Amino acid sequence: MRTALINGRVLLPSGLRDDVCVVIGDGEIKSVSSAAPEDARRVDLGGRLLVPGFIDTQVNGGGGLLFNDDPSVETIRVIAETHRRYGTTGLLPTLISDDLSVVERGIRAIDEAIDTGVPGVLGIHIEGPFLSVTRRGIHSESKIQPLKDDYLDLLTSAKHGKTLVTLAPECASPDQVAHLVSHGVIVAAGHSDAPYETVRAAINRGLTGFTHLFNAMSQLANRAPGMVGAALEDDSTFAGIIADGHHLHPATLRVAVRAKGPHRLMLVTDAMPSVGSDAPSFVLQGREIWRDGDTLHGADGVLAGSTLTMAGAVRGMMEQGRVPLATAVQMAAATPAAFLGLGDRIGALAAGMRADLVLLDDDFTVRETWIGGQANGAQQTAD
Ligand SMILES: [Zn+2]
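Here the residue numbering is sequential within each chain, running from 1 through the sequence in written order. Local features in this predicted model are restricted to residues whose pLDDT is 70 or higher, and side-chain atom pairs enter the listing and the counts only when it is 80 or higher, whereas totals over whole chains, interfaces and linings include all residues. The side-chain figures draw on all heavy atoms in the structure; neither hydrogens nor water molecules are used.

### Some details on the pairing of strand 2 (residues 9-12)
Formally: For two strands to pair, DSSP has to find at least two bridges joining them. Labels follow the DSSP assignment, with helices taken as runs of H or I lasting at least four residues and strands as runs of E lasting at least two, numbered in each case from the N terminus.
Across 2 bridges, strand 2 lies against strand 7 (residues 49-52) in parallel orientation. What sits directly across from Val 10, in strand 7, is Leu 50. Relative to strand 3 (residues 15-17), strand 2 runs antiparallel, the two being bridged by 3 bridges. Along strand 3, the bridge assignment pairs Val 10 with Arg 17.

### Regarding the sheet that holds strand 22 (residues 357-360)
Taken together, 6 strands build an open sheet; the order of strands is 3-2-7-22-23-24 and the sheet is mixed. Since the sheet does not close on itself, it has two edges, and those belong to strand 3 and strand 24 (374-375), each with one partner.

### Looking at the coordination of the zinc ion
Selection rule: Donor atoms are limited to N, O and S found within 2.8 Å of the metal ion, a distance that becomes 3.2 Å for Na, K and Ca. With water left out, some sites might look partial. Each residue is placed in one exposure class: buried if its accessible area under a 1.4 Å probe, protein chains only, is under 20% of its type's maximum, exposed if it is over 50%, and partly exposed if it falls in between.
In the first shell of the zinc ion, the protein supplies Glu 127 (OE), His 191 (NE2) and His 212 (NE2), at 2.0 to 2.2 Å from the metal. Positions of the donor residues of the zinc ion, expressed as sequence spacing, correspond to E-x63-H-x20-H. Here His 212 lies in the loop between strand 15 (209-210) and helix 6 (226-233) and His 191 lies in the loop between strand 14 (186-189) and helix 5 (196-204), a separation of 21 residues in the sequence. Residue His 191 is classed as buried on the basis of its relative accessible area, which comes to 4%. A relative accessible area of 4% means that His 212 is categorised as buried.

### Points about helix 5
The condition that has to hold: The arc under discussion is defined with respect to the helix axis, by the directions toward the C-beta atoms. It only takes one pair of heavy atoms within 4.5 Å for two residues to be counted as in contact.
Along helix 5, the residues classified as buried are Tyr 196, Val 199, Arg 200, Ala 202 and Ile 203. Buried residues of helix 5 fall within an arc of 160° about the axis and therefore sit on the same side. Away from its buried face by more than 90 degrees, helix 5 exposes Glu 197 and Asn 204. Looking at the buried positions of helix 5, the neighbouring elements they touch are helix 4 (174-182), strand 15 and helix 6.

### Focus on the packing of aromatic side chains
Which entries qualify depends on this criterion: Any two rings among Phe, Tyr and Trp, with Trp reduced to its six-membered ring, count as a pair given centres within 6.5 Å; such a pair is stacked if its planes are under 30 degrees apart, edge-to-face if over 60, and tilted if neither.
In the structure shown here, the tally under the stated rule is 2 aromatic pairs. Residues Phe 130 and Tyr 151 carry aromatic rings whose centres are separated by 5.9 Å and whose planes lie at 25° to one another, so their mutual orientation is stacked. You can see Phe 130 sitting in the loop between strand 12 (123-127) and helix 3 (152-155) and its partner Tyr 151 sitting in the loop between strand 12 and helix 3, a full 21 residues away along the chain. Owing to a relative accessible area of 0%, Phe 130 belongs among the buried residues under this scheme. Both rings, one in Phe 238 and one in Phe 339, keep their centres 5.4 Å apart while their planes meet at 45°; by these two values the pair is tilted. Of this pair, Phe 238 sits in strand 16 (residues 238-241) while Phe 339 is found in helix 10 (residues 334-339), placing the two residues 101 residues apart along the sequence. Of the residues examined, Phe 238 reaches a relative accessible area of 8% and is grouped as buried.

### Details of the pattern of salt bridges
Note that side chains of opposite charge can pair when their charged atoms are close. Put simply, the rule reads: One speaks of a salt bridge when a side-chain nitrogen belonging to Lys or Arg is within 4 Å of a carboxyl oxygen belonging to Asp or Glu.
Counted under the stated rule, the structure contains 16 salt bridges. Linking Glu 28 and Arg 345 is a salt bridge whose minimum nitrogen-to-oxygen distance equals 3.8 Å. Note that Glu 28 is positioned in strand 5 (residues 28-33) and Arg 345 in the loop between helix 10 and strand 22, a separation of 317 residues in sequence. According to the relative accessible area criterion, Glu 28 is partly exposed, its value standing at 28%. On the basis of relative accessible area, Arg 345 is assigned to the partly exposed category, the value being 33%. A salt bridge links Asp 356 to Arg 354; the nearest nitrogen and oxygen atoms lie 2.8 Å apart. Residue class for Arg 354 comes out partly exposed when judged on its relative accessible area of 24%. Via salt bridges that share partners, Arg 48, Asp 361 and Arg 367 belong to a single interconnected network.

### Some remarks on the sheet that holds strand 1 (residues 3-6)
Put simply, the test is: For every element, the axis is a line fit to its C-alpha atoms; helices are fit only across the contacting stretch, and the angle between N-to-C directions ranges from 0 to 180 degrees.
Ordered in space as 5-4-1-6, the 4 strands form an open sheet in which the pairing is mixed. A single partner strand is all that each edge strand has here, and the edge strands are strand 5 and strand 6 (41-44). Here the strands of the sheet are splayed against their neighbours by 25° on average, with no regard to which way each runs. Pairing of strand 1 with strand 4 (residues 21-25) involves 3 bridges; the strand directions are antiparallel. Pairing of Ala 4 across the sheet is with Val 23, part of strand 4.

### Describing the pairing of strand 14
Stated precisely, the cut-off is as follows: Look down the strands so they point away from you; if the path from the first strand over the helix to the second goes clockwise, the crossover is right-handed.
Side chains Ile 186 and Ala 188 of strand 14 all project onto a buried face; the interleaved residues Val 187 and Ala 189 project onto the opposite face, where all are buried too. Bridge count between strand 13 (residues 162-167) and strand 14: 4 bridges; the pairing is parallel. Bridged to Leu 164 within strand 14 is Ile 186. For the crossover that starts at strand 13, traverses helix 4 and ends in the parallel strand 14, the hand is right-handed. Note: strand 14 against strand 15, 2 bridges, orientation parallel.

Here's what the structure looks like:
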């Protein structure tokens, strides 16, 4: 049975259209056409915005749960369902620095979640523990350690989905980076004090990403370009960015878009359990983290991830980054899809792509999502 989504404002790769209908079936977008097929079930979108589903490569938690606390299929399901309410149709649940036994449990749980069809799970993001102590941010110093060759088998052991590893290039050798990449792992740099040259050496061996650009990394200075300089200069690599109005000055956001371009800069949430939860605080590896409005702080005042949602990140990118809707959505969908090597399946609203879609009000309230053509919530049906 095919479903024709009619009467929407549809964001195609070529721009916004209000005179097309999107036909979905068998989990895919069958066509984008001017008229609905006779035999298709019609769903009236009520003039709302229909855009490709958002893809978040950095999600620590949601719905009151932290992936690290209980790396299980049930935790993954709650996190994915919570973020789906805010437009995320694809995500990498993210472990912050922890014991390698936790990393192993996380990889196994993601494999099982994908095996059993938990909607939206694309793989795992292992953020640390191979990080710089001086740039650790909220990561626990006691968990941080350099990457040893003994750990490579674990990091390359996922059977399903994508594995993204964030490491500090000064805590891993270029050979280790090359080994991971040759085994299908996507390697990003972050929580690092590495000089420009060390970052370049890792890029030359296959590193393709930067984790929360500007935050927790060596900065761009006149005679020391640092990690920020290496990231902004390089055209082939991708960078995640937290557009919550707190992690970055709005001008910094705009500089990043100009230097790297929306086809290489992607929106991430770095979300914590507070998303989709009313609790005033949560415990992160034994430390209490408090919510203050839409920020999260540890006792020492260090930012502890965010309460950001992908819908909020798109809105923040438009308001503070001063980019148009199509550009902000590109940064939330097509760009992360390309980073993950999934750009031929997800991240754009076009025939042949998986039917991962979001329906939005003008204020970016999410009214409906589809993952593989499966709708989630209530929808207005015309017949
Ligand atoms: Zn981080």
